[in-house]
2 protein chains.
Amino acid sequence: MQPEDFDKLHSVPLFQDLTEATLRELVKAAFLQRFPVQTILFRQGDLPDFLHILLEGSVQLTATSPERREAVVDILDSIEAFMPAAVLTGTPYLVTAKVVHPARILMLPARALRESVARDGSLSLAMIASLSRQYRTMLKQIKDLKLRTSTQRLGCYLMALAVQNGTDGTVDLPHDKRLIAARLGMTPESLSRAFSALRKFGVEVRGHTIRINDAVRLNQFCMPDELIDSPEPELKIVAA
Amino acid sequence: MQPEDFDKLHSVPLFQDLTEATLRELVKAAFLQRFPVQTILFRQGDLPDFLHILLEGSVQLTATSPERREAVVDILDSIEAFMPAAVLTGTPYLVTAKVVHPARILMLPARALRESVARDGSLSLAMIASLSRQYRTMLKQIKDLKLRTSTQRLGCYLMALAVQNGTDGTVDLPHDKRLIAARLGMTPESLSRAFSALRKFGVEVRGHTIRINDAVRLNQFCMPDELIDSPEPELKIVAA
């Protein structure tokens, strides 16, 4: 690994509290790899060989049913370790990972990772924090799916995007509509219906640009909830 | 804590690999408590004071929307730590925990737990295993919600119960139908419709007793999937 790549690793939350020595030990067997769009990093049912850590680009995690229905469980586009739960416990991946924007990925061999986690207390605390964050993110998605109609779900998604972008109410969709539908657990047709239904709450659609004209009314209809919609921050195990 | 209670703790998966000394240290501040049905152990939004570990009885985890809709995220009825992700990171609970069958619960003060986890490598590895298992369980629920129709979801739920009970195809529902509907993400009305729809695949309902007359046909319709329906076993971090 190049020295400038090594420096990048300090920006990975999982590695932030590690000493330089532990970090060097851990990445000795690791390598950085670029992947083009459409690359399958691993498939549902595979046993993990590596922990993939996304440094740049975007990756979609998809579940497939025996009848070949597909659902998007998550779209990763910031620095994030994929499925540490499977990698650490050596259990089959529950999803397939596919690159959707050209990606730069750090690959840590699973065995070396498990050894480091077993040996280094600060790494295992970082893993607990990462797993806790991902657990909470999944739980929020279950709440989103079970507590809301699809129209409310879309409305809350748009409002969260507006908050994230800090805009005055104009939002550019970060993915194509088919992918957004899959992430929200809808067919493309029900996504269109949900966009139409939001029109009477002041939501205007122009291709990929969405305008929220009346945030108060949209808010009253969608009922956004911090315990569902706010993205989980990086967490720490605080002993004191 | 009584000596006989202390012995019970060895059956808690989270504690199985701990030395007697560490275990004693950890439970010094802990206590056992019985709770009647309907007790609220904690509410969505509360900050955790304790890690609750269910030893006997049954507890339902419910999410509530701002408009007071409710969804059951999970029903715990075996030895299980509740929401370690919130307790370890000191973040608000995302769900409310309510006792549904009289419960016996070990309560570990959150601060003492975090200190022990930071100090004891074997405890933090056990926590990683527990969080991984719970993460995977939530991910399976998302797949169940996104990939299946409600009728398929009910069919798979019944087949999983039959496998779990090792029966010839007769299943007693473990909870009342309203709770099962909420757990599967349906209204009681859509649960009734789903039961009716399963009739033509040989599913007979007599109150709380369900008879699966043609497992092959039901199977063909529901398409059960090991990567959704099999309960996650207790996991370990295997370094070698």
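The structure this text deals with has already been given above.
Residues numbered from 1 in each chain as written. Chains lettered and ligands numbered in written order. Predicted model: local features only at pLDDT ≥ 70, side-chain atom pairs only at ≥ 80, totals over all residues. Heavy atoms only, no water.

Peer 1: Describe in detail the overall build of chain A, supporting the description with residues and values.
Peer 2: Scanning chain A for helices and strands turns up 10 helices and 9 strands. Relative to its length of 240 residues, chain A is compact, with a C-alpha radius of gyration of 19 Å against a globular reference of 18 Å. For chain A, buried positions account for 55% of its 240 residues. Only carbon and sulfur atoms are counted for the fraction: they give 50% of the accessible area of chain A, which is about 10,500 Å². Each charge class in chain A was averaged separately, 29 positive and 28 negative side chains, and the resulting centres sit 6 Å apart. (Helix = DSSP H or I, 4+ residues; strand = E, 2+ residues; numbered from the N terminus. Rg over C-alpha atoms; globule rule 2.2 N^0.38 Å. Buried < 20%, exposed > 50% of the residue type's maximum accessible area, 1.4 Å probe, protein only. Areas by Shrake-Rupley, 256 points an atom, 1.4 Å probe, with all protein chains shown as cover. Lys, Arg positive; Asp, Glu negative; His and termini not counted. Charge placed at Lys NZ, Arg CZ, Asp CG, Glu CD.)

Peer 1: Explain the sheet that holds strand β7 (residues 170-172) of chain B to me, and be specific about the residues and the numbers.
Peer 2: Residues and elements named next belong to chain B. Across the sheet, which stays open at both edges, the 3 strands sit in the order β7-β9-β8 with antiparallel pairing between neighbours. Among the strands making up the open sheet, the edge pair consists of β7 and β8 (203-206). Across the sheet, the axes of successive neighbouring strands diverge by a mean angle of 20°, strand direction being ignored. Note: β8 against strand β9 (residues 209-212), 4 bridges, orientation antiparallel. Residue pairing for β9: V203 is matched across the bridge by I212. (Pairing = 2+ DSSP bridges. Axes fitted to C-alpha atoms, helices over the stretch in contact; angles between N-to-C directions.)

Peer 1: A description of the side chain of A:S58 should follow, citing residues and the corresponding values.
Peer 2: Residue and element names in this part refer to chain A. Structurally, S58 can be placed in strand β3 (residues 50-64). A polar contact of 3.4 Å, which involves the side chain of S58, links it to the backbone oxygen of L76. Leave out the neighbours within four places in its chain, and S58 touches I75, L76, D77, K98, V99, V100, H101, P102 and H175. (Polar contact = N/O pair within 3.5 Å; in protein donor to acceptor, adjacent residues only side chain to side chain. Contact = heavy atoms within 4.5 Å.)

Peer 1: I'd like to hear about the interface of chain B and chain A, residue by residue, with values.
Peer 2: With 62 residues of chain B at the contact, the number on the chain A side is 62 residues. In this assembly, chain B packs against chain A so that about 5,400 Å² is buried in total across both faces, 71% of it on carbon and sulfur atoms. Summed over the three residues of chain B that lose the most area to chain A, namely B:L94, B:Y135 and B:K146, the buried surface amounts to 16% of that side. On the surface where chain B and chain A come into contact, there are 17 residue pairs in polar contact (both at pLDDT 80 or more). At the level of elements, β3 (50-64), β4 (70-76), α3 (84-89), α4 (110-119), α5 (121-147) and α7 (177-183) of chain B are the ones that each hand at least two residues to the side of chain B that touches chain A. (Buried area = accessible area lost by both parts, 1.4 Å probe.)

Peer 1: Explain the sheet that holds strand β7 (residues 170-172) of chain A residue by residue, including any values.
Peer 2: Residues and elements named next belong to chain A. Reading across from one edge, β7-β9-β8 is the order of the 3 strands in this open sheet, with antiparallel pairing throughout. At either end of the open sheet lies a strand with only one pairing partner, and these are β7 and β8 (203-206). With strand direction ignored, the average angle separating the axes of adjacent strands in the sheet is 20°.

Peer 1: Break down the pairing of strand β6 (residues 96-109) of chain A for me, citing the residues and quoting the values.
Peer 2: Residue and element names in this part refer to chain A. Burial within β6 is extensive, with 10 of its 14 residues counted as buried. Bridge count for strand β1 (residues 31-35) against β6 is 5 bridges, and the pairing is antiparallel. Looking at the pairing, Q33 lines up with I105 of β6. Summarising the sheet, strand β2 (residues 40-42) and β6 pair through 2 bridges and their orientation is antiparallel. By the bridge assignment for β6, I40 is matched with K98. Examined bridge by bridge, β3 and β6 share 11 bridges and lie antiparallel to one another. Pairing of L61 across the sheet is with A97, part of β6.

Peer 1: Provide a residue-level description of the relation of the copies chain B and chain A, including the pertinent values.
Peer 2: Mapping chain B onto chain A is achieved by rotating through 180° and translating by 0.0 Å along the same axis, at an RMSD of 0.0 Å. A rotation of that kind, with that shift, is consistent with a two-fold axis. Residue B:Y135, judged by its C-alpha, is the member of chain B lying nearest the rotation axis, at 2.4 Å. Comparing contact sets, 100% of the residues at the interface of chain B also lie at the interface in chain A, consistent with an isologous, same-surface contact. (Least-squares fit on C-alpha atoms with pLDDT ≥ 70 in both.)

Peer 1: Now, about the packing of aromatic side chains: what can you tell me, with residues and values included?
Peer 2: This model, assessed by the stated rule, comprises 8 aromatic pairs over all chains. Measuring from centroid to centroid gives 3.6 Å for B:F42 and B:Y93, while their planes differ by 10°, and the two rings are stacked. Residue B:F42 is located in strand β2 (residues 40-42), and its partner B:Y93 is located in the loop between α3 and β6 (96-109); the two are separated by 51 residues in the primary sequence. The class of B:F42 is buried, set by a relative accessible area of 5%. The exposure class of B:Y93 is buried, given its relative accessible area of 2%. Consider the rings of B:F201 and B:F221, whose centres lie 4.2 Å apart with planes at 10°: the pair is stacked. With B:F201 in the loop between α8 (188-198) and β8 and B:F221 in helix α9 (residues 215-222), this residue pair connects regions lying 20 residues apart in the sequence. Among the aromatic residues, ring-to-ring pairing joins A:F42, A:F82 and A:Y93 into one connected group. Over the face of the ring belonging to A:F195 we find A:K177, whose NZ or CZ atom lies 5.6 Å from the ring centre. (Phe/Tyr/Trp six-rings, centres within 6.5 Å; stacked < 30°, edge-to-face > 60°. Lys NZ or Arg CZ within 6 Å of the ring centre and 35° of its normal.)

Peer 1: Mind laying out the nonpolar core, listing which residues take part and the relevant values?
Peer 2: Core analysis: the largest hydrophobic core is formed by 118 residues, its most contacted members being A:F15 and B:F15. The residues contacting B:F15, other than those within four sequence positions of it, are B:L9, B:L23, B:L26, B:I53, B:L106 and B:L108. (Core = buried A, V, L, I, M, F, W, Y, C linked by side-chain atoms within 4.5 Å.)

Peer 1: Run through the pattern of salt bridges, naming residues and quoting values.
Peer 2: Considering all chains together, one arrives at 20 salt bridges over all chains under this definition. For A:E204, the salt bridge goes to A:R206, with nearest N and O atoms at 3.7 Å. The partly exposed category is assigned to A:E204, whose relative accessible area is 34%. In this structure, B:R136 engages B:E232 in a salt bridge whose closest nitrogen and oxygen atoms are separated by 2.9 Å. Of this pair, B:R136 sits in helix α5 while B:E232 sits in the segment after α10 (226-229), placing them 96 residues apart in sequence. No difference in accessibility class separates B:R136 from B:E232, as the two residues are buried. Salt bridges sharing common partners tie together A:E80, A:R133 and A:E234. (Salt bridge = Lys/Arg side-chain N within 4 Å of Asp/Glu carboxyl O.)

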